[in-house]
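Residues per chain are reported as follows:
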Amino acid sequence: VAVVVAVVCACVFVADGHVVIGRPKSNDSLYPPVVLMHGILGTADKLMTVGRWVYEELGEDVYVVSMEIGDGALDSVFMHMDQQVEEFCASVYADDNLRNGFNLIGFSQGGLITRGYIQRCNKYPVINFISWASPQGGQFGLTDTFPSWVSVLLHGTPYDEKIQNTVSLAQYWKDPYNINKYLNASTFLADLNNERLVKNPQYKANVKSLLSMMLVYSEMDEVVSPSQSGWFGTFKWFTGPGDNGVVVPLQDQLFYKLDYIGLRALDESSRLAFGTSDCNHEDHPTDACKHVFDEYTLPILSKTWKDVHSFWKEIDHPFLHTTNNVR
């Protein structure tokens, strides 16, 4: 049974751990629904402020839901990323409000879970994907409270089978001193980024179906390392983390040049965009970072269903040929 409370003129419904802001049924909205996914050690209610922004800017008819996986905080650390993606997919498919498509915002680790939905699921299609301060290119380095040499001394330990199957951070740990171990032992990111010899063509096809992808990284990020991982940047082999690290930009990587997951196709059709934030990592879903939302996210969420259908017809989107399309 949903619990209903009023918060800042918006209705908040809590059901199965998910937080819905706005009307539970918004089929007549001018704008597509918006789905939010929190980061590691977060919970769905941590993104209520973001939901309020959407509600206030786009009106009361827009449907906004902040997803929860398991118990949130603990499962975000100890549940395997593959399972987190599977549960996210199941949660989306259980919400009939999303069946005609939706916009998707992933914060921090949530940006990887949400990209996992796009590449591996996407029966209810993502229209625009917005990644906030997410380690899309992998993580190598701990928070600023640890000296950079600590990460180097780990020397491939995150690729131990038990750790890979236990700690979510290890599953997107990309060690530039142990690239072969990463490619062979990573149980999540190496697959998601299609970096192994055998590629999954569906990953690329699903990404190419997006109207747009917006990648936001923060120059002030003290958690994601390198911070440019938010733009799919990654440390050059045998460098990093910290000030001695050399970051290879997305466009200089084989990952981009050979278009492993479709980012080059998006870029060449002007559907891949890059935003720069001046917020600390944990501030992105708070009022302290509303200006970054206004600059990079709100214009994308402001695209109407008319814009979406025009684009889908232009590219002959697969969703137009499915029985799920009832709008």
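In this text the structure is predicted, and so the values were computed from the model without any measurement.

Visitor: Got a sec to walk through the state of the cysteines? Specific residues and values, please.
Guide: A full pass over the atoms with the stated rule returns two disulfides. Disulfide pairing places Cys89 opposite Cys121 at an S-S distance of 2.0 Å. When the S-S torsion is 90 degrees, as for the bridge of Cys89 with Cys121, the disulfide is right-handed. Of this pair, Cys89 sits in helix H3 (residues 81–93) while Cys121 sits in the loop between helix H4 (109–120) and strand E7 (126–132), and the two are 32 residues apart along the sequence. Taking the relative accessible area as the measure of exposure, Cys89 reaches 3% and is therefore buried. Residue Cys121 is classed as partly exposed on the basis of its relative accessible area, which comes to 24%. Here Cys279 is linked by a disulfide to Cys289, with a sulfur-sulfur distance of 2.1 Å. Its torsion about the S-S bond being 105 degrees, the disulfide of Cys279 and Cys289 is classed as right-handed.

Visitor: Account for the environment of Tyr203, with residues named and values stated.
Guide: Along the polypeptide, Tyr203 turns up in helix H9 (residues 201–208). A relative accessible area of 5% means that Tyr203 is categorised as buried. Discounting residues that sit within four places of it in the chain, Tyr203 has contacts with Gln119, Arg120, Asp191, Leu192, Asn194 and Ile261. Only 3.1 Å separates the side chain of Tyr203 from the side chain of Arg120, close enough to count as a polar contact.

Visitor: Outline the side chain of Asp221, listing residues and values.
Guide: Relative to the assigned elements, Asp221 resides in the loop between strand E8 (212–218) and strand E9 (234–235). Here Asp221 is buried and forms no salt bridge, its nearest opposite-charge partner Arg115 lying at an N-O distance of 15 Å. Here the side chain of Asp221 touches Val224 through a polar contact of 2.9 Å, landing on its backbone nitrogen. Look past the residues within four positions of Asp221 in its chain and what remains in contact with it is Ala133, Ser227, Cys279 and His281.

Visitor: Before we move on, could you go through the packing of H3 against H4 and cite the residues and values that matter?
Guide: Close contact between H3 and H4 brings their axes to 9 Å; oriented N to C, the two are set at 65 degrees. In terms of axis orientation, H3 runs roughly perpendicular to H4. The crossing of H3 and H4 is right-handed. Together, Met81, Asp82, Gln84, Val85, Phe88, Cys89, Val92 and Tyr93 of H3 and Gln109, Leu112, Ile113, Thr114, Gly116, Tyr117 and Arg120 of H4 make up the contact between the two elements. Split by residue class, the contact of H3 with H4 holds nine nonpolar, four polar and two charged.

Visitor: Pulling in residues and values, what's your account of the packing of aromatic side chains?
Guide: Counting across every chain of the model gives 16 aromatic pairs. Judged by centre distance (5.1 Å) and plane angle (65 degrees), the rings of Tyr93 and Tyr124 are edge-to-face. Here Tyr93, found in helix H3, pairs with Tyr124, found in the loop between H4 and E7; they are 31 residues apart in sequence, far enough to count as distant. The partly exposed category is assigned to Tyr93, whose relative accessible area is 27%. Through pairs of rings, three or more aromatic residues link up here, namely Phe88, Tyr93, Phe102, Tyr117 and Tyr124. Lying across the ring of Tyr93, Lys123 places its NZ or CZ 4.6 Å from the centre. Taking NZ or CZ as reference, Lys199 lies 3.6 Å from the ring centre of Tyr260, over its face.

Cut-off values and rules
Residues numbered from 1 in each chain as written. Predicted model: local features only at pLDDT ≥ 70, side-chain atom pairs only at ≥ 80, totals over all residues. Heavy atoms only, no water. Disulfide = S-S within 2.5 Å. Helix = DSSP H or I, 4+ residues; strand = E, 2+ residues; numbered from the N terminus. Buried < 20%, exposed > 50% of the residue type's maximum accessible area, 1.4 Å probe, protein only. Contact = heavy atoms within 4.5 Å. Polar contact = N/O pair within 3.5 Å; in protein donor to acceptor, adjacent residues only side chain to side chain. Lys, Arg positive; Asp, Glu negative; His and termini not counted. Salt bridge = Lys/Arg side-chain N within 4 Å of Asp/Glu carboxyl O. Axes fitted to C-alpha atoms, helices over the stretch in contact; angles between N-to-C directions. Parallel < 35°, antiparallel > 145°, perpendicular 65-115°, else oblique. Left-handed = near helix turned anticlockwise from the far one by under 90°. Nonpolar A, V, L, I, M, F, W, Y, C, P; charged D, E, K, R; others polar. Phe/Tyr/Trp six-rings, centres within 6.5 Å; stacked < 30°, edge-to-face > 60°. Lys NZ or Arg CZ within 6 Å of the ring centre and 35° of its normal.

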